[in-house]
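Reading the structure
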Amino acid sequence: MMKTGAQILWECLEHEGVTHVFGYPGGAILPAYDALKYSKIHHVLVRHEQGATHMADGYARASGRVGVAVATSGPGATNMVTGIATAMLDSSPIVCITGQVGSKLIGSDAFQETDITGITLPITKHNYLVTRADELAQTMREAFYVASSAAPARSSWISPRMRNSPRASSTGKLRNRSCQGIVLIFLRLPRNMKRRWS
Amino acid sequence: MIHSSKRPVILLGHGAIVSGAIREVRDLAERAGIPVALTLLGLGALPASHPLNLGMMGMHGEAWVNHTIQEADLLIALGMRFDDRVTGNLKTYAPNAKKIHVEIDPCEINKNVKVDVALVGDLREVLHAMLPKIESIDRSDWLDLIDRLKGDSAVRDIQNLPDSGHLYAAHVINDLWRQARGSNTVVVTDVGQHQMWEAQYYKHEEPRSLITSGGLGTMGFALPAAIGVKVARPEAEVWVVVGDGGFQMTMCELATIVQENLKINIAIINNGFLGMVRQWQEFFYERNYQATPLLNPDFAKVAGAYGIQNATVTQRSQVVPAVQSARQHDGPVLINFQVEQEDTVYPMVAAGAALHEMIRRPSPIVETAADE
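Reading the values: rules and limits
- Residues numbered from 1 in each chain as written.
- Chains lettered and ligands numbered in written order.
- Predicted model: local features only at pLDDT ≥ 70, side-chain atom pairs only at ≥ 80, totals over all residues.
- Heavy atoms only, no water.
- Helix = DSSP H or I, 4+ residues; strand = E, 2+ residues; numbered from the N terminus.
- Rg over C-alpha atoms; globule rule 2.2 N^0.38 Å.
- Contact = heavy atoms within 4.5 Å.
- Areas by Shrake-Rupley, 256 points an atom, 1.4 Å probe, with all protein chains shown as cover.
- Lys, Arg positive; Asp, Glu negative; His and termini not counted.
- Charge placed at Lys NZ, Arg CZ, Asp CG, Glu CD.
- Pairing = 2+ DSSP bridges.
- Axes fitted to C-alpha atoms, helices over the stretch in contact; angles between N-to-C directions.
- Salt bridge = Lys/Arg side-chain N within 4 Å of Asp/Glu carboxyl O.
- Buried < 20%, exposed > 50% of the residue type's maximum accessible area, 1.4 Å probe, protein only.
- Parallel < 35°, antiparallel > 145°, perpendicular 65-115°, else oblique.
- Left-handed = near helix turned anticlockwise from the far one by under 90°.
- Nonpolar A, V, L, I, M, F, W, Y, C, P; charged D, E, K, R; others polar.
- Phe/Tyr/Trp six-rings, centres within 6.5 Å; stacked < 30°, edge-to-face > 60°.
- Lys NZ or Arg CZ within 6 Å of the ring centre and 35° of its normal.
- Core = buried A, V, L, I, M, F, W, Y, C linked by side-chain atoms within 4.5 Å.
- pLDDT = per-residue confidence, 0-100.

Within chain B, the regular secondary structure consists of 16 helices and 14 strands. At 21 Å, chain B has a C-alpha radius of gyration in line with the 21 Å of a compact globule built from 372 residues. Oriented by its inertia axes, the alpha-carbon framework of chain B measures out at about 60 × 50 × 35 Å. For chain B, restricting intrachain contacts to residue pairs at least 6 apart in sequence, the fraction spanning at least 24 positions comes to 72%. Here chain B has roughly 14,800 Å² of accessible surface; of this, 50% comes from carbon and sulfur atoms. Computed over 32 positive and 43 negative side-chain charges, the separation of the two mean positions in chain B equals 4 Å.

Moving on, we come to the sheet that holds strand E7 (residues 185-189) of chain B. All names here are of chain B. Overall, parallel pairing links the six strands, which are arranged E8-E7-E9-E10-E12-E11 in an open sheet. Strands at the two margins of the open sheet, each flanked by one partner only, are strand E8 (210-212) and strand E11 (309-313). Sheet twist, expressed as the mean angle between neighbouring strand axes with direction ignored, is 15°. Pairing between strand E9 (residues 237-243) and strand E10 (residues 264-270): six bridges, direction parallel. Looking at E10, one finds that Trp239 is bridged to Asn265. Docked against the sheet, helix H10 (residues 222-232) engages E7, E8, E9 and E10, running at close to 170° with respect to E9. With respect to the sheet, helix H15 (residues 319-328) is in contact with E9, E10, E11 and strand E12 (333-338), its orientation differing from that of E12 by roughly 165°.

What follows is about the pattern of salt bridges. Considering all chains together, one arrives at 18 salt bridges over all chains under this definition. Between Asp134 of chain A and Arg132 of chain A there is a salt bridge, and its shortest N-O distance comes to 2.6 Å. The class for Asp134 of chain A is partly exposed, based on a relative accessible area of 38%. Of the charged contacts, one joins Arg85 of chain B and Asp84 of chain B as a salt bridge, the two residues approaching to 3.0 Å between their closest N and O atoms. Taking relative accessible area as the criterion, Asp84 of chain B reaches 47% and is therefore assigned partly exposed.

Turning next to the packing of helix H8 (residues 169-180) of chain B against H15 of chain B. Residue and element names in this part refer to chain B. Relative to each other, H8 and H15 sit at 45°, their axes nearing to 10 Å. Comparing their axes, H15 and H8 come out oblique. Considering only the axes of H8 and H15, their crossing is right-handed. Two secondary-structure elements touch here, H8 through Val172, Asp175, Leu176, Gln179 and Ala180 and H15 through Val319, Val320, Val323, Gln324 and Arg327. Taken together, the residues of the contact of H8 with H15 break down into six nonpolar, two polar and two charged.

Our next topic: the packing of aromatic side chains. Aromatic ring pairs are defined here through the distance separating the ring centres and the angle between the ring planes. Residues and elements named next belong to chain B. Enumeration over the complete set of coordinates arrives at seven aromatic pairs over all chains. Taking 5.8 Å as the distance between ring centres and 70° as the angle between the ring planes, the aromatic pair formed by Phe283 and Phe284 counts as edge-to-face. Residue class for Phe283 comes out partly exposed when judged on its relative accessible area of 23%. Relative to Tyr346, the ring of Phe283 has its centre 6.1 Å away and its plane inclined at 45°; by these criteria the two rings are tilted. Of this pair, Phe283 sits in helix H13 (residues 275-284) while Tyr346 sits in the loop between E12 and strand E13 (348-349), and the two are 63 residues apart along the sequence. Overall, Tyr346 belongs to the buried group, its relative accessible area being 14%. Three or more aromatic residues link up through ring pairs in this structure, and these residues are Trp280, Phe283, Phe284 and Tyr346. Geometry around Trp177 places Arg181 over its ring, the cationic atom sitting 4.4 Å from the centre. Note that Arg278 overlies the ring of Phe273, its terminal NZ or CZ placed 5.7 Å from the centroid.

Our focus in this paragraph is the nonpolar core. Within soluble globular proteins, side chains that are nonpolar tend to cluster in buried spots. Ranked by internal contacts, the top residues of the largest apolar core, which has 63 residues, are Ile10, Leu12, Leu78 and Phe337 of chain B. Here this core takes seven residues from H8 of chain B, the largest share from any one element. Other than its neighbours up to four places away in sequence, Phe337 of chain B contacts Val172, Ala267, Ile268, Ile269, Asn270, Val313, Val319 and Val323 of chain B. Counting residues in hydrophobic clusters, the runner-up holds 46 residues, among them Ala85 of chain A together with Val231, Val238 and Val302 of chain B.

Residues and elements named next belong to chain A. Looking at chain A, pLDDT values average 79 and 75% of them are 70 or higher. In this model, residues 152-181 is a region of pLDDT below 50 whose contacts with residues beyond four sequence positions or in other chains number 72 contacts. This model gives residues 188-198 a pLDDT under 50, and the stretch forms 31 contacts once residues within four places in sequence are excluded.

Okay, here's the thing in structure tokens:
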């Protein structure tokens with residue numbers, strides 16, 4: 001059976017035991033919302049993406065389970081920054097999922113494009129830019145594992161830029177947080193979801 | 001090291017809650033007779049009513065808690081990270097104490113405070129390994145000394161001031177605690193004066209019963225975070241304790257509460273100021289209140305616009321009835337507590353000052369004289 005990346009996304013969340021997500025839709029994340037109707041997950045519609053991240057954070061702190069927030073690319077993603085940093089500083093496990101512009105448009109200052117992986121580098125435990133639907137399931141599993149466990153990020157996951165991050169320089173050593181923390185997944189979900197998933 | 005210590009203190013942080021080491025921490029404290037000071041995020045990790053629980057340490061910790069840390073000969077730091085709000089000036093921090101640090105993140109070891117022993121690992125697992133080796137030791141001399149360190153703190157407590165007709169945030173929060181305690185209640189606070197009063201006057205008995213932004217100190221956190229709390233634990237009674245400034249940063253989420261039909265109680269501690277910033281201006285900037293007085297909407301009307309039950313409280317006698325009415329209502333409720341405008345969080349360790357150099361609440365006599 002052929003599945004779209006969007007369908008895989010919700011199935012992965014269900015597989016992780018997620019029952020609620022907090023989010024706000026937009027253009028780049030719209031394919032994911034389109035597939036939401038096939039999922040049992042309850043989506044809480046927020047009024048601002050910062051609120052979605054705080055809700056995921058509150059969910060995680062109150063229950064010990066991973067909180068999930070969803071937003072679109074660009075402003076949706078940047079509105080999450082304060083909430084991500086809040087959760088990071090208090091070691092609260094959340095996974096944030098945002099859209100991203102099509103891979104051919106990345107770096108072109110496309111509409112609602114921002115380098116959110118770069119922006120969030122020092123305030124996440126790890127982040128991913130997923131550009132292929134067949135990488136999604138593995139990435140989601142890793143993301144939830146990294147967010148909810150005390151395992152340090154694998155060295156191969158750490159991008160060279162992290163070595164220059166403010167946190168790394170302030171402590172004089174590579175910041176390889178091994179407490180619960182934040183994982184961001186940035187999805188590029190093209191409008192025509194024709195990728196095969198076997 | 002623990003056995004030879006005469007004046008040990010456990011510094012307990014958020015890690016105890018995250019790792020689920022609640023019972024292990026209690027066993028350690030009880031078996032070895034060691035008093036426990038908590039960080040803001042550690043509150044609830046040891047019941048507030050526990051005889052060995054000293055309370056919160058740090059910038060707005062009770063005076064005797066900070067004095068105890070400064071007098072100690074051994075600090076046992078469990079799942080905490082020696083944040084600057086907890087240590088004050090590092091050069092004068094617990095000068096005579098050896099330090100043991102149990103922490104899951106190796107980057108935190110020796111980052112702020114140089115320690116003598118570092119144990120990197122999950123707190124629960126480390127304590128499991130440690131506990132069989134802990135001997136029962138009588139430390140009543142040390143606990144008696146801590147009792148004496150309390151000195152006149154109780155007399156200075158705002159709770160003990162005669163009712164002067166003023167509505168103080170401390171009264172609101174303490175009354176709220178008296179009403180809501182014992183039940184499955186979670187308090188979600190924002191950042192600022194009300195957050196510190198909550199930490200001081202709401203006695204948390206359970207882990208995960210206080211949700212607050214500690215490290216980043218994010219205003220606007222409380223209202224949306226409470227939504228997440230209620231979704232995760234629908235059976236819990238959820239109270240938002242939030243200032244008038246922080247509430248306005250994310251009050252758009254009132255609509256989310258209504259749309260999701262969530263029973264959340266909101267207590268706005270409304271003093272018409274960015275209170276904590278005003279307090280800093282009062283102490284350190286010669287009362288130059290630049291950009292801290294707030295023009296606020298009528299919060300009760302704002303709630304009403306969303307169809308949320310609301311009340312405004314200006315007198316202490318109205319606090320308990322308003323809280324009771326909110327608890328009985330089966331939908332969301334917002335209460336606008338119009339409290340004393342220029343109230344101050346005491347005690348306070350100024351940023352960068354030594355932990356024992358606190359600005360104390362003026363003694364009651366001085367306060368009465370000022371009132372007249």
